[in-house]
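Structural overview for review
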Amino acid sequence: MSHGTHAIDTRHARSTLAASRSALGALLLRDVTVLRKDVKLFVLRTVIQPFLLCFVFLFVFPKIGQSVGAGSGQSAFATVLVAGVVGISIMFQGVQSVALQMSQEFGFTREIEDRVQAPCPIWLVALEKVISGAIQGMVSAAIVLPIAALVHARGVHANIHVHWLVMLTLVPLACVAMGSLGLVLGTSFEPRNIGLMFGFIILPITFLGGTYYQWDRLAPVKIGSWHWLQTVVLVNPLLYVNEGMRAAFTNVAHIHLYVVYPVLVAFCAGFLSLGLRNFRRRVLS
Amino acid sequence: MTLIAREPVIVTEQLCKRYIGADFLAVDHLDLAVEAGEIFGLLGPNGAGKTTTAGMLTTRVVPTSGRARVAGVDVLAHPALAKQFLGVVSQSNTLDRQLTVWENLYFHGRLFGIGAAPSRSRADELLERFQLTKWAHASVYALSGGMAQRVMVARSIFHRPAVLFMDEPTAGLDPQSRLALWQILQDLNAEGQTILLSTHYMEEADQLCGRVAIMDHGRILALDTPENLKRSTGVDTIVTLKATGDLDVLSKNLLERVAGATHARLIDQGVELHVAGAEQLLARVITEAEASGSRVQDLSVAEPSLETVFINLTGKELRD
Ligand SMILES: Nc1ncnc2c1ncn2[C@@H]1O[C@H](COP(=O)(O)OP(=O)(O)OP(=O)(O)O)[C@@H](O)[C@H]1O
Ligand SMILES: [Mg+2]
């Protein structure tokens, strides 16, 4: 049989490395295109939570005389909260752009079935989502920081001190860690169980992740001489993100960076390997 | 011109799949060779192993044992490389919901390493060809089932795959869309596109496929052109008889007494009789029916179909 118009010559195959590189580029380009289509929505969903947090805690509370941050004053609390707000935004970006998307694409639209036919290893398709989520996390951190620093009542003042080296390394690391968390969640929860995911995972993580307080302030919560709360929250990845943000943006006390960096790297590695394994299991049978 | 001895574009050797937890082989020692330029059909009932077979060839299902090569690439050893040569249209709509129709095509091109400008022009060209230009900037949510299917076909051939895999491509389509899709596939094939099609519509296999493998329980029961398969039954007429009375007796008597009858089976309110080369067939059938105490209400004859082949091979119907 000779079919000149449609001759396939497999000797003209590109190397898998080259094919994977262009596939990764195309996947990222696709995500950027989608993001640009509703950039307003992206900004809105990024901004809404930090805005509300700052509005309630740093504007309304001082106005109505409600006090938080025992003794040390509103401004000290503002300083603590600003960093936490950046951290929590990074986490929500990971959940929203990776977990929710992926859960949909797996369970609902089955788009993933087509995407894994891309001429690259399937783990790259999952990794691309994490990269894309991490980039969105960094963008949202950049949007949120000024809001968190500015929305407050007169007299309340967040003491922002940017530690550039820490910021430039820790923010991306935190974004990748939270994107990887998103991958784990997105490959574990069916779309119909997303409510469960928010109730049993996202909420505990956010409330016990040191967004509103520094970790060392939890010391008084103890049974006998056991600082149980301080110990329990150590399993929470968001804690290290928030404490890291305190190190990057403020001069307040935080968990030592010698701990924050390796633990975040370990979370990245753990979440990535779990997430990629889940992904592979869901895609291949 | 030099002729190179080419291996078939799809080759499987003793390919098996046992799903985790299953105690049977979904695909059972499959040996298959599909030549470039064919429309090859996998025809079989639900659970026959068609999707599993296509899944292994498209790297989605990991074989338990055996080997498979597509376009000369071992799909087990080099799945990422093999995917450069595969085009896949799955049964469900897998279009990217956040992109327009045009963007779905364009980004597919980019995904397969085609540059921006050529991707743009090929997207335009394919939309034109599949009469979708009007819908270029529509959301994929706006498409009907038939149109979505056409977009998926356009997308799957965008990168000029060596083989196009289509799993039950017309399931759920209305008759008109089905005919339109058949035409598209025939046109693509006329240009040399190799297509592996799985279906449980015998008409689809009959109309489209150069060769058909009839599958059941993970095995190929027969493999040939539709004409040869039908001829192989030896049957040339299918008589369908709607009647009242004792149908068991009727079917037994017809099989015994009608010359050339090879097979009789009960159907809804009647009997289906397979006959090879009989004269005066209908008169004979009516006489025998009345002699059996049945009242004939309706009588029709048809040529054998792939369904006949399947019934002859397995004793059961293709559709359940
Ligand atoms: N992911 C899976 N896990 C376990 N068993 C499976 C899986 N997919 C298919 N099977 C089983 O393997 C066998 C072959 O299924 P397959 O989907 O390949 O058949 P098919 O010919 O495509 O059927 P259909 O016409 O219903 O699509 C069936 O018994 C089915 O139950
Ligand atoms: Mg199937």
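Now for a description of the structure that goes with this document. (Residues numbered from 1 in each chain as written. Chains lettered and ligands numbered in written order. Predicted model: local features only at pLDDT ≥ 70, side-chain atom pairs only at ≥ 80, totals over all residues. Heavy atoms only, no water.)

A separate point is the overall build of chain B. Assigned secondary structure in chain B consists of eleven helices and 14 strands. Dimensions of chain B, computed from the C-alpha atoms along their principal axes, are close to 75 × 50 × 45 Å. Within chain B, the proportion of its 320 residues that are buried is 55%. Here the analysis covers contacts within chain B between residues at least 6 apart in sequence; of these, 69% occur between residues at least 24 apart. Here chain B has roughly 13,900 Å² of accessible surface; of this, 50% comes from carbon and sulfur atoms. Side-chain charges of chain B comprise 30 positive and 38 negative groups, with the mean position of each set lying 6 Å from the other. (Helix = DSSP H or I, 4+ residues; strand = E, 2+ residues; numbered from the N terminus. Buried < 20%, exposed > 50% of the residue type's maximum accessible area, 1.4 Å probe, protein only. Contact = heavy atoms within 4.5 Å. Areas by Shrake-Rupley, 256 points an atom, 1.4 Å probe, with all protein chains shown as cover. Lys, Arg positive; Asp, Glu negative; His and termini not counted. Charge placed at Lys NZ, Arg CZ, Asp CG, Glu CD.)

Attention shifts here to the overall build of chain A. Helix and strand counts for chain A stand at ten helices and zero strands. Each helix (α) and strand (β) of chain A, taken in turn from the N terminus, gives the series α-α-α-α-α-α-α-α-α-α. Dimensions along the principal axes, computed over C-alpha positions, put chain A at roughly 85 × 45 × 40 Å. Sorting the 285 residues of chain A into buried and exposed places 49% on the buried side.

Taken together, the 43 residues of chain B in the interface contact 38 residues of chain A. Regarding the contact of chain B and chain A, the summed buried area is about 3,500 Å², with carbon and sulfur atoms giving 54% of it. When residues of chain B are sorted by the area they lose upon contact with chain A, Arg60, Gln98 and Leu111 of chain B head the list and together hold 21% of the total. Taken together, the connections running from chain B to chain A amount to four salt bridges. (Buried area = accessible area lost by both parts, 1.4 Å probe. Salt bridge = Lys/Arg side-chain N within 4 Å of Asp/Glu carboxyl O.)

Moving on, we get to the packing of aromatic side chains. Applying the stated rule across the entire model yields eleven aromatic pairs over all chains. On the numbers, 5.3 Å between centres and 80 degrees between planes, the contact of Phe57 of chain A with Phe61 of chain A is edge-to-face. Residue Phe57 of chain A and its partner Phe61 of chain A are both found in helix 2 (residues 39-64); the two are separated by four residues, about one turn of the helix. The residues Phe57 of chain A and Phe61 of chain A share a single accessibility class, namely buried. Ring centres 5.2 Å apart and planes at 75 degrees place the aromatic pair Tyr106 of chain B and Phe107 of chain B in the edge-to-face group. On the accessibility criterion, Phe107 of chain B (8% relative accessible area) is buried. (Phe/Tyr/Trp six-rings, centres within 6.5 Å; stacked < 30°, edge-to-face > 60°.)

Residue position: Gln230 of chain A is located in helix 8 (residues 228-232). For Gln230 of chain A, the residues in contact, after removing those within four places along its chain, are Trp215, Asp216, Leu218 and Ala219 of chain A.

Another aspect to go through is helix 4 (residues 116-129) of chain B. All names here are of chain B. An ideal rise of 1.5 Å per residue puts 20 Å on 14 residues; helix 4 measures up with 20 Å between its terminal C-alpha atoms. The complete set of buried residues in helix 4 reads Ser119, Arg122, Ala123, Leu126 and Leu127. For helix 4, the angular spread of the buried residues around the axis is 135 degrees, confining them to a single face. Buried positions along helix 4 lie against helix 3 (101-111) and helix 5 (145-157). The positive-phi residue at the C-terminal boundary of helix 4 is Gln131, with phi of around 55 degrees. (Expected span 1.5 Å × (residues − 1). Arc of directions from axis to C-beta.)

Here we take up the pattern of salt bridges. With the rule as written, the count across this model stands at 24 salt bridges over all chains. Its salt-bridge partner being Arg115 of chain A, residue Glu105 of chain A comes within 3.1 Å of it at the nearest N-O pair. Of this pair, Glu105 of chain A sits in helix 3 (residues 74-107) while Arg115 of chain A sits in helix 4 (residues 111-115); the two residues are ten residues apart in sequence, bridging distant segments of the chain. According to the relative accessible area criterion, Glu105 of chain A is buried, its value standing at 2%. Using a relative accessible area of 8% as the deciding quantity, one classes Arg115 of chain A as buried. Of the charged contacts in the structure, one is a salt bridge between Arg265 of chain B and Glu272 of chain B, with a shortest N-O distance of 3.3 Å. Pair check on accessibility: Arg265 of chain B and Glu272 of chain B agree, each one buried.

Quick look at the packing of helix 9 (residues 247-257) of chain B against helix 10 (residues 281-291) of chain B now. Residue and element names in this part refer to chain B. Their axes nearest at 9 Å, the elements helix 9 and helix 10 cross at an angle of 135 degrees. When the axes of helix 9 and helix 10 are compared, the pair comes out oblique. Both helix 9 and helix 10 take part in a crossing whose hand is right-handed. For the pair formed by helix 9 and helix 10, the contact residues are Leu250, Leu254 and Arg257 on the first element and Arg284, Val285, Glu288 and Ala289 on the second. (Axes fitted to C-alpha atoms, helices over the stretch in contact; angles between N-to-C directions. Parallel < 35°, antiparallel > 145°, perpendicular 65-115°, else oblique. Left-handed = near helix turned anticlockwise from the far one by under 90°.)

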